[in-house]
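What follows is each chain in one-letter form.
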Amino acid sequence: MNKKPRQESATTRDIVVLVIFFFSTFAYLTYIDAFELIVDFVHRHESWQLDELLTSIALIGFGGFVFGARRYGEARSELRKRRSAEADVSWLAHYDPLTELPNRRRLNDFVREFDHSVEANGHHAVFSIDLDGFKKVNDLHGHAAGDRLLTVVSERLVKIFPADLVVRLGGDEFVVIARSHRGMDVSKIAKRIATEIRVPIDIDRIKVEVGASIGVVTYPDQSTSMEDALGCSDIAMYSAKKQASTHVALFHPDMRDEFRKKAELEMQFRSALSADAIEPYYQPLVDLQSNEIYGFEVLARWTLPSGEQVPPTDFIPLAEEFGLISEMSEQLLRKACRDAQRWPEHILLSFNLSPVQIADRLIVLRIINILNETGFEPARLEVEITESAMILDPEAAQFVLDGLQTLGIRVALDDFGTGYSSLSQMSKFKFNRLKIDKGFVHDFENDEKQKIIVKAIIALGVGLNVAITAEGIEEPSQLAALKLLGCNSGQGFLLGRPMTADHATQLLSGPVKPSILSTRASEPRPGQSGARAAVRSP
Ligand code: C2E
Ligand code: CA
Ligand code: CA
């Protein structure tokens, strides 16, 4: 079912017609003794010089025949080329040139015809397959290696399903529609696909490995039509992606509900975005030496019309998945810059960029456009990038970092300690700040090892001349201990919860307040003035 179709020829038909014509005319002329009749006629009318005339006609006829045969040959060759080009265009429209597998369009045709064909009475299993780690192979080893990998994976699938429909949907996604029979263990087959795909592939003497997430559904047991089956196997595949161990999921009706909820959330999120309803909240960033607020971290907040708050840890991944993160981020930054224009000039804005945005080559341009539009100083903006974003695509991260820092925008490495960045990476990238992840701050007082790590991070910051901010400070004792270790700045519920722009404005313009920073646990250092402006959220 997966091979390129051969083009048919019309030559045979033409030859048959010509041969029939030739033999029937020849037979008739022989039958009436045509040659003798002509000779006799020429002899009888010698004076007409018919012999010369006939010789000329014969010569002209021969010449005409040669000319005609040559033109006919040319016309046939042209026709052949045209037919071949048409066949190629039609093949390209229905097959993937790289793997030679049927493509999405061919699958759509199959689905359209399926319900009216005898196949609809049979039993089928539909497998949706998505490769895991393909992008990494492409990025690390180049596109030629990626192409080779896709070809090998396709060959393996065709080997497992030689008589079934194996489709490359595009990118690293495949679908298999296999004839099954009752009692067939489809999950076992799915596991076999996963195992076969995982076998390392030799590309230019380098062993390359990818995994696969596989969703399976059966027809007609679990789905009502082939179109429905494809939708269900796709839903199951997304569920398989979330399963840590096997990456294989058999479709279950509950998955449909989950998917529906997600689709509903997507719709709500889209309308929230178009209504400009994602709001920036601001969490104080406090200088632990002067005890003053030096800036605010912008945190996205989404409240549903019902009043329910959706946490950013839920909707940010959705925005990334739906390709809406860039739009959301631009709206937030624009609002934040306008809000911050009301604040004293030394107050920084710290803004989160998601790993997906790091891959956006236009991100620096987008940011600078908003700064120009709102008149916000680049030197007042700090961009937070997580360690995982740096690991995912170091080249893109370097590009973004360079672009931002050239414009005078500062860059902070967020959630430091939770990713996998090595010290060599730290030396390669130039940061202005490290933000110690709240996980360390939470435990370090009672955990000697965590304390050593926090101490080492602070020493690293001092050594690299990079500011250090401890996140998630909730207890006065944590604050005191961090100060003793020489941490420059902090953030956390103790110092201020995320708040609206108006509350932040009030906080900045309000009178000096007795704060947690002036308590015994956080005595100002000798020679320093008392605490100011670090408060709990209103
Ligand atoms: P993050 O960048 O690490 O932001 C700090 C998170 O820690 C915030 O959670 C904040 O409310 C919370 N936090 C602050 N102090 C404390 C504390 O003392 N204790 C505890 N337990 N938590 C504290 P939030 O607002 O829920 O945001 C969660 C994550 O969502 C953020 O982590 C960030 O990764 C992401 N996020 C939020 N807003 C945005 C945004 O506008 N863009 C992007 N790309 N990501 C965002
Ligand atoms: Ca952050
Ligand atoms: Ca963080």
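How each quantity is defined
Residues numbered from 1 in each chain as written. Chains lettered and ligands numbered in written order. Predicted model: local features only at pLDDT ≥ 70, side-chain atom pairs only at ≥ 80, totals over all residues. Heavy atoms only, no water. Donors = N, O, S within 2.8 Å, 3.2 Å for Na, K, Ca; no water. Domains from an automatic or database assignment. Buried < 20%, exposed > 50% of the residue type's maximum accessible area, 1.4 Å probe, protein only. Helix = DSSP H or I, 4+ residues; strand = E, 2+ residues; numbered from the N terminus. Pairing = 2+ DSSP bridges. Arc of directions from axis to C-beta. Contact = heavy atoms within 4.5 Å.

Student: Please explain the coordination of the calcium ion (ligand 3) as it appears in this structure.
Tutor: By definition of the ideal shapes, four donors in a tetrahedron about a metal sit 109.5 degrees apart, and six donors in an octahedron sit 90 or 180 degrees apart. Around the calcium ion (ligand 3), the protein contributes the donor atoms Asp414 (OD), Asp415 (OD), Glu471 (OE) and Glu471 (OE), which lie 2.1 to 2.7 Å from the metal centre. Within one chain, the residues serving as donors to the calcium ion (ligand 3) are arranged as D-D-x55-E. Taken as a pair, the calcium ion (ligand 3) and the calcium ion (ligand 2) lie 3.7 Å from each other and share Asp414 as a ligand.

Student: Got a minute to help me understand the domain arrangement of the protein chain in this structure?
Tutor: Reports of interface size often rely on the accessible area that becomes lost once the parts have come together. The domain architecture assigned to the protein chain consists of domain 1 (3-93), domain 2 (104-251) and domain 3 (301-509). Taking only C-alpha atoms into account, the centre of domain 2 sits 39 Å from that of domain 3.

Student: What am I meant to see in the pairing of strand β6 (residues 211-219) here?
Tutor: Strand residues, when the strand is regular, have side chains that alternate between the two faces of the sheet. With nine of nine residues buried, β6 lies mostly within the body of the structure. Where strand β1 (residues 123-132) meets β6, nine bridges bridge the pair, whose relative direction is antiparallel. Bridging from a neighbouring strand, Asp130 pairs with Ser213 of β6. With three bridges joining them, β6 and strand β7 (residues 248-250) adopt parallel strand pairing. By the bridge assignment, Val216 is partnered in β7 with Leu250.

Student: When you look at helix α20 (residues 501-509) in this model, what are you seeing that I'm missing?
Tutor: Along an α-helix, a turn takes 3.6 residues, which lines up residues three or four apart on a common side. For α20, the full list of buried residues reads Ala501, Ala504, Thr505, Leu507 and Leu508. End-on, the buried residues of α20 take up no more than an arc of 160 degrees, which puts them together on one face. Residues of α20 that are buried in the fold lie against β8 (279-287), β9 (292-303) and α11 (325-340).

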